[in-house]
Structures are given as C-alpha cells and as structure tokens.
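Okay, here's what each chain looks like letter by letter:
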Amino acid sequence: MRRKTRICFIGCGAFCKSFVPLFKAHPDVEYTAVCDLIPERAQKYHEMFDVPIVPTFEDAISDPNFNAVAIFVQRHLHGPLVIEALKAGKNVYSAVPVASTIEEIVEIERLVRKTGLTYSMGETGYYRACAVFCREKMASGEMGDFVYGEAQYNHDQRHFHYSEEHHGKEWKKIAGIPPMLYPTHSTSMILGCLPGVYVEKLSAFGYEEKYLTDIFGREDQNYWGNPFSNTAMLCQLSNGGIARISENRRLAFAGPNSYISQFYGSEGCYEFAVSRHYFTHWDKNDPQKLLMDEVSHELLPKSVTAILNEPGTPQKISDQMGFWESAPRQHTERIPIEYRHEKNGHNGCHHFMVDDFCQAMATGLLSPTNIWQSARFNIPGLVAHQSAMQGGVLMDVPDLGDPPEDWPVLKLD
Ligand SMILES: NC(=O)c1ccc[n+]([C@@H]2O[C@H](COP(=O)([O-])OP(=O)(O)OC[C@H]3O[C@@H](n4cnc5c(N)ncnc54)[C@H](O)[C@@H]3O)[C@@H](O)[C@H]2O)c1
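Conventions adopted
- Residues numbered from 1 in each chain as written.
- Predicted model: local features only at pLDDT ≥ 70, side-chain atom pairs only at ≥ 80, totals over all residues.
- Heavy atoms only, no water.
- Pairing = 2+ DSSP bridges.
- Helix = DSSP H or I, 4+ residues; strand = E, 2+ residues; numbered from the N terminus.
- Contact = heavy atoms within 4.5 Å.
- Axes fitted to C-alpha atoms, helices over the stretch in contact; angles between N-to-C directions.
- Core = buried A, V, L, I, M, F, W, Y, C linked by side-chain atoms within 4.5 Å.
- Buried < 20%, exposed > 50% of the residue type's maximum accessible area, 1.4 Å probe, protein only.
- Domains from an automatic or database assignment.
- Parallel < 35°, antiparallel > 145°, perpendicular 65-115°, else oblique.
- Nonpolar A, V, L, I, M, F, W, Y, C, P; charged D, E, K, R; others polar.
- 1 Å grid on protein atoms, 1.4 Å probe; cavity = no way out; pocket = protein on both sides within 12 Å on 5 of 7 lines; lining within 4 Å.
- Points joined across faces, edges and corners; volume = space filled by probe spheres on them.

Asks: Would you mind showing me how to read the sheet that holds strand β10 (residues 258-265) here?
Replies: Adjacent strands of a sheet pair through backbone hydrogen bonds, lying either parallel or antiparallel. What the 9 strands build is an open sheet, ordered β13-β12-β11-β10-β6-β9-β8-β7-β14; its pairing is mixed. Of all the strands in the sheet, just β13 (286-294) and β14 (395-396) have a single pairing partner and so form its edges. For strand β6 (residues 146-154) and β10, the ladder comprises 7 bridges, and the chain directions are antiparallel. For Y148, the partnering residue across the bridge sits in β10 and is Y264. Of the strands in this sheet, β6, β7 (199-208), β8 (228-237), β9 (242-248) and β10 are in contact with helix α10 (residues 184-191), which crosses β6 at around 155°. Together, β7, β8 and β14 form the strand contacts of helix α15 (residues 371-389), whose direction differs from that of β7 by roughly 50°.

Quick look at the structure:
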C-alpha cells in the first residue's frame with residue numbers, strides 16, 4: 001500500500017511556484033496547501049494554483065491533516081524550520097541547502113535517524129545530465145578509478161536584484177551570503193557520482209570582492225560579514241580522489257551556470273565546455289590508444305543539439321536555452337505520465353526532484369538526496385568558508401556516515 005503525501009509549502013516566493021503544480025499533479029500526492037509569513041504572497045499562490053492557505057508554519061506542522069512540509073524559505077533559514085518540522089513528526093522536502101551550520105545538519109540527521117521520517121533535499125545538480133552520465137559510467141566500470149573532478153556553480157549576485165521586490169533594501173544583506181554556504185549544486189555533481197564517498201579534508205580560498213562592495217564586505221554589508229564573492233576549495237576525497245569545487249557569485253559567465261568541467265577516471269574521462277561534451281577512453285583493441293567520443297547529443301536537450309553547429313548557439317546557451325528541457329541521458333521514462341505536460345526546469349531536473357521525494361514517501365525507501373547524502377554535499381562548503389576566512393588553512397571535514405543498513409535507497413535510474 002503506497003503512502004499518499006499531504007503537503008504544505010512553506011514560502012511562496014520566486015522558486016516554489018515551479019513546484020506546487022508538480023506536487024499537485026503527482027499520483028502519490030493527495031493534498032497540497034501553501035503558507036507564507038506575508039499573507040499577500042500566500043494569497044497570490046492560492047489564486048494561481050487553487051490551493052488552500054495555512055496561516056503560519058506552526059499551524060502547518062501542528063495540523064494532522066498534513067504528513068509533510070516543503071521548505072522554500074530563503075536559503076539561510078532552512079535548518080531551524082526543518083528541525084521543528086521533524087520534531088513535529090512531519091516528513092520534509094527542502095530546497096537547497098540543508099542548513100547553514102554543521103550543528104543544524106547534525107541535528108537533522110539525528111532526528112531523521114531516530115524518527116524514520118523522509119527527508120529529501122531537492123538538489124538539481126544530482127539529476128543534471130552530466131551527473132547522470134558520469135554516475136552511470138562510474139557504475140559500469142568504464143571510468144575505472146576516480147582520479148580528479150572539477151565542478152562549479154556560477155551565478156552573479158547582481159541577478160538577485162529582482163528580490164528587492166520581496167525583501168526591499170534587505171536583498172543585498174541576503175545576496176552577500178558566503179558562496180560556500182550554498183555549495184550543493186557543485187558538490188552534488190561530483191560526489192553524487194561516487195556512492196559512499198565523502199570529503200575528508202579541504203583547503204579553500206576566497207576572492208575578496210572589489211566591485212560589488214555594497215553586497216560583499218567585512219562590515220555590515222551582509223549578515224555574515226562575508227567579503228568573498230567567489231570561493232574555490234580543493235578537496236581530498238575518501239576514495240583517494242581529488243575534487244576542485246568553485247562557487248562563484250560575481251563573474252561574467254552566465255550559462256550553463258552549473259556544470260562538471262572535468263570528471264577524470266583511470267579508464268575514462270569526461271570533459272565539457274560551453275556546449276560540447278566529450279568522453280575519452282582506452283581503445284579495447286589497442287591499450288596504447290585513447291578514443292575520444294563526442295557525447296553532446298546525449299547530454300544536451302534536443303532543441304540545442306538541433307542547432308549545435310550554428311554560429312549563434314553559444315550565445316543561446318549563455319541565454320539558458322534548454323533550461324526547461326531534459327536531455328536524452330536523463331531517465332525521463334521513469335517519470336509519472338502525469339508530468340508529460342508539466343513544466344520542468346534546471347535542464348529537466350525538477351520532475352526528478354519531486355518524483356524522488358514522492359516515491360520515498362510512498363515506499364518508505366530513502367530518496368537519493370537523503371540526509372546522509374545531502375550532508376556530504378553540504379558540510380564541505382561550511383568548512384570551506386571557515387578555511388577561506390583563515391587564508392586557506394587545511395581543515396578536516398566531519399562526515400555523518402552512510403544511511404542505516406536497513407533503510408535502502410530508491411533505485412529509479
Ligand atoms: N536550483 C535550485 O535548486 C534553486 C533555485 C532557486 C532557489 N532555490 C531555493 O529555493 C528557496 C526559495 O528561494 P526563493 O528565491 O523563492 O526565495 P524568496 O525569498 O523569493 O521566497 C521565500 C519566501 O519564504 C517566506 N518565508 C520566510 N520565512 C517563512 C516562515 N517562517 N513561514 C512562512 N513563510 C516564510 C518569505 O516571506 C518569502 O515569501 C531557497 O532556499 C533557495 O535556495 C533553489
């Protein structure tokens with residue numbers, strides 16, 4: 001018997017509106033409602049999606065009518081709400097990241113372990129076509145032993161000017177969040193391909209912003225006294241491999257904004273720039289020869305592949321062409337038929353994020369982006385910001401371990 005989800009969305013801002021229709025359309029979801037501190041925002045969602053309004057978060061978590069909440073509040077506010085929801089016995093879908101402190105993540109893990117409630121972080125990076133490709137090539141053995149990977153998430157914070165409409169002058173104080181407090185888009189693309197692997201230690205360096213000093217700075221420009229607009233970390237992984245992760249919030253690169261540039265193994269290597277994806281591997285018939293396959297058609301949405309050789313294509317990719325579509329490598333065949341005409345997002349990732357949470361709820365199995373995996377995506381960033389603030393000092397990274405052995409992960413792709 002599949003358990004049905006009855007969920008209240010907390011935070012009716014810019015992002016959540018992409019998800020209400022997906023939850024509403026999912027065959028395992030029975031009931032949806034919305035809640036925002038600011039009543040007009042909840043009212044707008046009510047009118048847009050025909051969903052009831054719950055006045056406060058506290059009302060939602062104390063209402064037995066709901067068995068889950070979806071946290072879509074500002075990125076630095078997740079931890080306390082997730083903890084309260086779990087304590088109230090609610091299952092949790094959370095937008096990224098898990099939380100802003102290691103202590104909060106430890107507490108969330110403790111509560112999930114103790115209660116057996118579902119926790120799933122909606123991480124786009126885990127489902128991107130490049131991550132699916134490298135994960136499958138690793139699993140099949142074609143890449144051999146993992147050696148080195150590079151991933152980044154580039155998003156210039158001047159884009160967040162739009163949030164002035166919601167947050168007034170406070171928008172700059174939120175936009176100045178340390179880049180490494182939002183690390184999961186990049187870490188997930190590397191670690192999500194390496195089951196059971198975690199960051200053991202790291203060293204990070206920050207680029208101290210010289211231009212947008214009204215957003216980034218050591219005074220009161222932002223809530224964190226954060227001077228860094230861009231931060232990079234070099235990580236020693238538990239499997240002996242190395243990863244370079246960059247979180248950039250002030251530079252002139254638009255799209256694609258989140259990608260693996262290199263994922264190197266002893267037997268096969270993946271490499272990407274702008275619009276071209278390549279896979280190199282040893283020739284089975286000649287151990288001295290490397291073969292290079294272009295795999296762009298598998299990893300790009302079909303609309304982009306169709307114009308790949310036209311002169312204006314890089315500009316179109318920079319303008320986020322294909323943002324709403326999935327690529328052939330992503331396993332859209334497993335997505336519920338009800339989603340066929342539902343809008344997608346982040347290169348076809350939204351459908352997977354919602355489906356995995358709902359499948360986890362329905363079956364009692366773990367979502368792939370469960371708290372143990374998400375902690376491994378998130379905690380290195382929190383340590384990296386401390387390392388960067390201390391000029392790159394080498395730091396150990398705490399690991400919360402694997403999921404309990406008697407709680408298997410969904411295997412959907
Ligand atoms: N690629 C991605 O995965 C991706 C992309 C965009 C945003 N996000 C995430 O989505 C989340 C939401 O982002 P956004 O841009 O929509 O933010 P937003 O600021 O537009 O909206 C947040 C809303 O939460 C409400 N809120 C805050 N505290 C609340 C509380 N206690 N109870 C009820 N409502 C409360 C606010 O009033 C606001 O309307 C963030 O965590 C962000 O990290 C993820």
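Asks: Looking at this structure, how should I read the nonpolar core?
Replies: Within soluble globular proteins, side chains that are nonpolar tend to cluster in buried spots. Counting residues in hydrophobic clusters, the biggest one holds 111 residues, and the most contacted among them are F9, F23, I108, F263 and Y270. For this core, the leading source of residues is α15, giving 9 residues. Each of two domains, domain 1 (5-117) and domain 2 (125-355 + 365-396), supplies a minimum of three residues to this core. Counting 6 residues, the second-largest nonpolar core is a separate cluster that includes F160, W171, A175 and F216.

Asks: Teacher, can you tell me more about the packing of helix α5 (residues 102-115) against α15 here?
Replies: When two helices pack together, their arrangement is captured by the angle between the axes and the distance separating the axes. Where α5 meets α15, the closest approach of the two axes is 10 Å, and the angle between their N-to-C directions is 170°. Classified by the angle between their axes, α5 and α15 sit roughly antiparallel to one another. Residue-level inspection shows I102, I105, I108, E109, V112 and R113 of α5 in contact with α15, the latter providing I371, W372, A375, N378, I379, L382 and V383. Residues belonging to the contact of α5 with α15 are distributed by class as follows: 10 nonpolar, 1 polar and 2 charged.

Asks: Explain the layout of surface pockets to me, please; I cannot follow it from the model alone.
Replies: Empty pockets left among the atoms are what a rolling probe the size of a water molecule brings to light. The computed volume of the second largest pocket comes to approximately 590 Å³. Taken together, 26 residues line the second largest pocket, and the ones lying closest to its centre are Y126, R135, P195, V409 and K411. For the lining of the second largest pocket, the elements supplying multiple residues, two or more each, are α6 (124-127), α7 (129-139) and α15. Among the elements that line the lining of the second largest pocket, the one with the most residues is α7, at 5 residues. Of the residues that constitute the lining of the second largest pocket, the class distribution is 14 nonpolar, 4 polar and 8 charged.

Honestly, it's all geometry; don't read function into it.
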